[in-house]
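# Analysis of the macromolecular model
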Amino acid sequence: MKHYILVLLLLLNAIGVFAQETDKNEQVRNLLGYMNKAMNFNKLAPQEKVYLHFDNTGYFKGEIIRFKAYVTRMDNEKKSNISKNLYVELVNPIGDVIERRTLLLENGEAEGDIALDSIVGPSGFYEVRAFTRYMTNWGTPALFSRTFPVFEKPEVYGDYANPSIAPENIHHRLPNVRVESSSNSSKKALETAAKSLRIGIYPEGGDLIVGLQGRVAIDVTDEEGYHMQTTGALYDANKTKVVDVQTDESGRGVFEFIPNGMKYTLQLTDKKGKTRTVDMPEARLEGITLNLDMLKGDDIYARIKCSNEVVGRLIGYTVMHNGNVVLCDTMTANPKMTLQFDRPSMPGGVNQLTIFNSEGRILSERMFFIYPEITSNDSIYVTTKTPDLTPCGKVRVEIKSQPNSSISFSATDAATMTNGKVGNALTWMLLASEVKGYIENPDYYFEADDNEHRYNADLLMMVQGWRRYDWMMMTGQKKIDKAQPYEDGLYIYGRLSHRKKRKGVENVELDAYLYNAKGEHMKGSAVTDSLGRYSFKLPAIYDNWDLMIKSTKDDKPENYIIGIDRHFSPDKRLLSPYEMVQLPVEKPEQMKSVDKNGKTVDPSTRLKLSDRNFVLPTVKVKARRILGDLRVTWFDEKFARKKSEIYYDCDYDTDKMNDLGEVVPNFDDWLMEKNPLIMGVPGEIPDQILVYGNSDKVYDIAALAAEKNMSTQEVIDEVMYSSSDRPIQLQRNGLSYDRRPIVWIVDNSFCTITNMTSPRFTYYGVNQKAAAITMPLTLDEVKSVYISDDITALQNYIVSSDLYSMKPVIAYVYTHPKYDIKVKGLRRTHFDGYNKPTEFEMDDYSILPPMEDFRRTIYWDANVKTDANGKATVEFYNNYTAKNIFVSAEGVNSDGKFLVNE
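Residues numbered from 1 in each chain as written. Predicted model: local features only at pLDDT ≥ 70, side-chain atom pairs only at ≥ 80, totals over all residues. Heavy atoms only, no water.

### Some words on the overall build of the chain
- Within the chain one finds 11 helices and 52 strands.
- Relative to its 902 residues, the chain shows a buried fraction of 51%.
- Intrachain contacts of the chain at a sequence separation of at least 6 include 71% that bridge at least 24 residues.
- Only carbon and sulfur atoms are counted for the fraction: they give 50% of the accessible area of the chain, which is about 43000 Å². (Helix = DSSP H or I, 4+ residues; strand = E, 2+ residues; numbered from the N terminus. Buried < 20%, exposed > 50% of the residue type's maximum accessible area, 1.4 Å probe, protein only. Contact = heavy atoms within 4.5 Å. Areas by Shrake-Rupley, 256 points an atom, 1.4 Å probe, with all protein chains shown as cover.)

### So, the nonpolar core
- One finds Leu52 and Leu431 to be the most contacted residues of the largest nonpolar core, which totals 72 residues.
- Here Leu52 is in contact with Phe67, Lys68, Ala69, Val88, Val128, Ala130 and Phe144, once residues within four sequence places are set aside.
- Grouped together as the second largest cluster of nonpolar side chains are 24 residues, Trp670, Leu735, Ile787 and Ala811 included. (Core = buried A, V, L, I, M, F, W, Y, C linked by side-chain atoms within 4.5 Å.)

### Focus on helix 7 (residues 650-659)
- Along helix 7, the residues classified as buried are Cys650, Asp653, Thr654, Asp655, Met657 and Asp659.
- In this structure, the buried residues of helix 7 make contact with strand 35 (561-564), strand 38 (646-649), helix 8 (667-674), strand 46 (782-788) and strand 48 (826-832).
- After helix 7 finishes, the residue Gly661 shows a positive phi value of roughly 75°.

### A word on the confidence of the model for the chain
- Averaged over all residues, the pLDDT of the chain equals 85, while 82% of them reach at least 70.
- Summarising per-element confidence for the chain, the mean pLDDT is lowest in strand 37 (residues 608-609) (38) and highest in strand 3 (residues 64-73) (98).
- Across residues 181-188 the pLDDT falls below 50, and counting only partners more than four positions away or on other chains, this stretch makes 28 contacts in the model.
- Note on residues 591-596: pLDDT under 50 across the span, and 22 contacts to partners over four residues away in sequence or across chains. (pLDDT = per-residue confidence, 0-100.)

### What about the environment of Gly891?
- Along the chain, the position of Gly891 falls in strand 51 (residues 885-892).
- Take Gly891: its relative accessible area is 0%, and that puts it in the buried class.
- Taking C-alpha positions, Gly891 is 8.0 Å from Ala425, a pair spaced 466 residues apart along the chain.
- Residues within four places of Gly891 in sequence aside, it is in contact with Tyr70, Ile380, Ser406, Ile407, Lys897, Phe898 and Leu899.

### Concerning the pattern of salt bridges
- Taken as a whole, this structure holds 44 salt bridges when the rule is applied.
- With its nearest N and O atoms 3.9 Å apart, the salt bridge here joins Glu875 to Lys394. Here Lys394 lies in strand 27 (residues 394-400) and Glu875 lies in strand 50 (residues 871-877), a separation of 481 residues in the sequence.
- Among the ionic contacts, a cluster of salt bridges with common partners joins Lys68, Lys79, Glu109 and Lys865. (Salt bridge = Lys/Arg side-chain N within 4 Å of Asp/Glu carboxyl O.)

### Here we look at a negative patch on the surface
- On the surface, Glu839, Glu841, Asp843 and Asp844 cluster together into a negatively charged patch.
- Residue placement: Asp843 occurs in the loop between strand 48 and strand 49 (857-865).
- You can call Asp843 partly exposed: its relative accessible area is 35%. (Patch = residues over 30% accessible without salt bridge, like charges linked within 9 Å, V, L, I, M, F, W, Y side chains within 5 Å. Lys, Arg positive; Asp, Glu negative; His and termini not counted. Charge placed at Lys NZ, Arg CZ, Asp CG, Glu CD.)

### Some details on the sheet that holds strand 2 (residues 59-60)
- The 5 strands are arranged 2-9-8-5-6 in an open sheet whose pairing can be described as mixed. Of all strands in the sheet, those with a lone pairing partner are strand 2 and strand 6 (97-104), marking the two edges. (Pairing = 2+ DSSP bridges.)

### A word on the packing of aromatic side chains
- Applying the stated criterion across every chain, the model contains 39 aromatic pairs.
- Between Tyr51 and Phe898, the ring centres sit 6.2 Å apart and the planes meet at 85°, which makes this aromatic pair edge-to-face. Residue Tyr51 is found in strand 1 (residues 48-54), and its partner Phe898 is found in strand 52 (residues 898-900); the two are separated by 847 residues along the sequence.
- Tyr51 gets classed as buried once you look at its relative accessible area, which sits at 4%.
- On the basis of an interplanar angle of 55° and a centroid distance of 5.8 Å, the ring pair of Tyr542 and Tyr834 is categorised as tilted. (Phe/Tyr/Trp six-rings, centres within 6.5 Å; stacked < 30°, edge-to-face > 60°.)

### Quick notes on empty space enclosed by the protein
- Taken as a whole, this structure holds 6 cavities of 30 Å³ or more when the rule is applied.
- As a volume, the largest cavity reaches approximately 170 Å³.
- Along the wall of the largest cavity there are 18 residues; nearest its centre are Phe54, Asn56, Thr57, Arg146 and Ser888.
- Of all the secondary-structure elements, those providing two or more residues to the lining of the largest cavity are strand 1, strand 28 (406-413) and strand 51.
- Here the lining of the largest cavity is composed, by residue class, of 6 nonpolar, 8 polar and 4 charged.
- Mapped by element, the contributors of at least two residues to the lining of the second largest cavity are strand 24 (362-370) and helix 4 (451-464).
- Looking at the lining of the second largest cavity, the element that brings in the most residues is helix 4, giving 4 residues.
- Looking at the lining of the second largest cavity, its residues break down into 7 nonpolar, 1 polar and 4 charged. (1 Å grid on protein atoms, 1.4 Å probe; cavity = no way out; pocket = protein on both sides within 12 Å on 5 of 7 lines; lining within 4 Å. Points joined across faces, edges and corners; volume = space filled by probe spheres on them. Nonpolar A, V, L, I, M, F, W, Y, C, P; charged D, E, K, R; others polar.)

### A few points about unusual backbone geometry
- You will see that Asn107, though not glycine, has its phi angle at about 55°, which is positive.
- Tracing the chain through its elements places Asn107 in the loop between strand 6 and strand 7 (109-115).
- For Asn748, which is not glycine, the phi dihedral falls at a positive 65°.
- Within the secondary structure layout, Asn748 lies in the loop between strand 44 (742-746) and strand 45 (749-754).
- What makes Asn748 buried here is its relative accessible area of 3%.

### Digging into the environment of Asn884
- Within the secondary structure, Asn884 is located in the loop between strand 50 and strand 51.
- With 495 residues separating them along the chain, Asn884 and Leu389 place their C-alpha atoms 8.0 Å apart.

### Some points on the pairing of strand 21 (residues 324-332)
- Pairing geometry for strand 20 (residues 314-321) and strand 21, over 8 bridges, is antiparallel. Its bridge partner being in strand 21, Ile315 is matched across the sheet by Met331.
- If you look at the hairpin formed by strand 20 and strand 21, you'll find 2 residues sitting between the two strands, and Asn322 has a positive phi there, around 55°.

### With respect to a nonpolar patch on the surface
- Among the surface-exposed residues, Ile847, Leu848 and Met851 lie close enough to one another that they form a single nonpolar patch of about 270 Å² accessible area.
- Tracing the backbone shows Leu848 in the loop between strand 48 and strand 49.
- A relative accessible area of 34% places Leu848 in the partly exposed class.

Structural data, given as structure tokens:
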């Protein structure tokens with residue numbers, strides 16, 4: 001019996017060991033499976049990054065923003081051959097996209113421009129953002145973005161001494177449609193708005209764990225985003241101080257503590273003595289904590305502490321850079337353990353450490369920054385053989401870099417630079433593109449690799465780290481909501497639907513017709529699949545085309561809803577207040593200059609305007625042109641564009657709704673949704689109708705309706721259309737703009753006034769044609785809308801002493817012709833081809849004598865190519881006044897590695 005019991009015990013023990021080994025093997029397979037998926041993801045779906053190099057650092061209205069785009073793919077960090085279409089948008093201060101460009105990418109490069117001669121709205125800080133459609137899969141933070149000051153056009157041509165921006169109170173009167181990005185957050189941060197404080201709380205690695213010491217970073221700003229220096233402490237549920245806490249001038253700080261499961265509060269006091277208290281995030285009962293030590297010389301230590309529930313389990317980790325797994329391993333969880341990484345062997349820039357279990361759950365995740373070693377191979381060297389600058393004289397610049405490199409080159413008048421320089425291609429690609437939000441001084445993190453810079457870079461990673469590479473997505477545990485394709489050219493594609501569901505969408509014949517203003521045209525045909533999808537592949541066409549798509553079913557025209565898939569512009573991000581200020585212009589380092597014998601010239605003469613050759617002529621002040629009869633401008637949009645602060649492209653929104661198969665709304669409803677400052681009840685019946693002409697009369701609508709036993713609409717129709725004089729509709733209700741009346745000008749003629757709050761209204765006349773004007777009913781009737789705060793323009797439409805005291809807003813509405821004929825089964829719209837940039841203009845002063853030439857960007861060349869020896873020569877003519885020239889050169893070598901002229 002004892003023998004049998006012993007055998008049974010041995011057998012049970014063997015079964016237990018076998019089960020443990022089986023479980024361990026399963027954990028290993030799972031961990032290796034997640035690693036393998038993470039490795040393969042970047043091969044199957046590599047991300048793209050785009051960087052724009054600009055010709056200047058700030059602009060005036062009327063100038064042109066010129067830029068060169070470089071797009072790289074992150075799996076091999078070479079110039080991208082994935083996407084062929086690049087989209088560049090200009091976003092105004094309130095968040096509306098006011099200009100769009102579609103550029104053809106060739107070998108990962110493209111050049112473009114945006115003219116600022118016709119932008120509507122006040123001066124301010126405008127955002128330029130760039131992306132491929134494929135990039136939008138990773139949300140707004142994945143885009144390239146940079147803000148520029150756009151100043152008012154100088155009153156005197158060439159006088160850039162006092163650049164001006166519209167005062168802040170003007171922007172406060174405009175709506176802000178920018179939103180917080182919904183992209184995946186960097187950590188499980190708790191951000192709390194406590195009166196005037198916004199406090200971001202970021203446990204290192206993502207979680208606080210009960211019983212384990214954890215480190216917490218905090219980021220404190222006021223409600224407008226300005227950094228707040230504070231002091232305070234962490235308190236437990238018994239009001240006992242746990243640890244002192246403080247933030248520095250950057251609003252950031254770090255503290256450590258061991259949570260025990262109770263509630264904790266953070267109490268902070270700002271420099272004005274105001275105290276704020278917020279709750280800490282709740283600690284988890286199980287998990288791990290991570291403490292990354294970035295200050296130990298050439299070694300990086302990841303110190304890990306595990307809860308009892310994790311101890312003994314197999315866990316894994318990956319270190320990724322640009323989505324590529326550079327390190328990975330499995331390990332058995334102990335209560336305390338340390339991973340050690342060799343800093344010099346790790347790629348420069350932002351890296352991502354992810355620790356996970358065999359179920360695929362992320363236990364801890366952390367971004368960290370490795371200072372990149374910048375070598376001569378990353379640089380562009382610029383020298384000049386032009387020791388003296390003369391008015392309109394020739395300048396010759398020699399460039400030395402890597403062989404067969406593609407470089408964009410800008411030379412600007414240093415005296416007219418209105419804004420400081422922010423970063424370059426390297427700071428964007430290695431740092432700014434990998435974090436969420438704005439970095440005030442990205443160059444700082446590339447200055448040195450000492451402990452001060454390491455500490456601040458690590459604090460940046462803790463509070464602004466963003467998961468460009470979502471580990472859960474890369475391992476197949478999370479999917480993109482609506483995957484956007486990469487584009488290898490221009491397409492018209494989408495999906496058909498029908499308001500009557502019984503109408504089939506399969507095998508519908510579509511004929512597409514494209515034609516432009518030059519008389520060029522093309523035609524294509526397609527047949528829908530079982531889901532109603534269709535596609536037309538287009539050649540590389542440029543500029544704007546009219547598009548008609550005709551739908552036919554069983555050889556008969558049919559009114560299908562022809563949707564077009566072309567709307568993927570991501571949400572506009574909230575701007576930091578620190579990117580909406582003029583940056584100081586640092587004195588640029590002078591280029592090395594050599595004489596004709598190859599000897600270095602004294603630095604005091606490098607690229608400076610020779611005083612002996614410079615004579616400033618008398619500048620003629622152009623007199624302001626006095627406008628005569630303003631009615632000559634009433635029949636186009638120029639006057640409204642000049643006077644307004646807000647512009648809406650109604651055709652674009654109508655097309656978008658038709659593309660998405662949505663019902664086109666009423667004009668009033670759309671306007672209220674578009675602009676939150678426009679409020680009220682749309683479509684209200686006017687209270688009064690004033691008729692002026694031979695006999696001035698005021699008709700009270702309600703009284704007339706009661707007297708004649710007619711409806712209010714019948715009374716309005718009778719007065720509006722039976723009177724031989726000019727009627728004016730007035731509403732004491734209806735739409736208002738920020739609780740102010742709206743004067744509606746339709747097709748450059750006065751139409752009506754809504755939200756009239758004054759008990760009396762006196763007018764002296766209306767300067768316009770006498771035809772009756774009515775408000776549009778639906779959005780598709782309207783071409784464009786302008787909103788103006790400039791009430792001085794009212795004298796061109798209506799004269800009234802009472803009206804001016806009400807401080808109304810003017811809405812200019814432009815409609816489509818009434819004779820537009822609808823054809824069954826036919827949709828009319830437009831198609832935007834690629835945009836070609838305008839050529840940079842510079843007079844040839846080898847032929848012309850020096851003249852008044854105040855170019856701020858003295859020269860721009862987006863396509864400088866170095867030869868097999870890495871050399872190139874650039875020649876251009878100076879403007880009339882520049883004594884110092886600021887040069888900026890950036891580009892990529894033949895392998896796609898970025899180059900800068902630092």
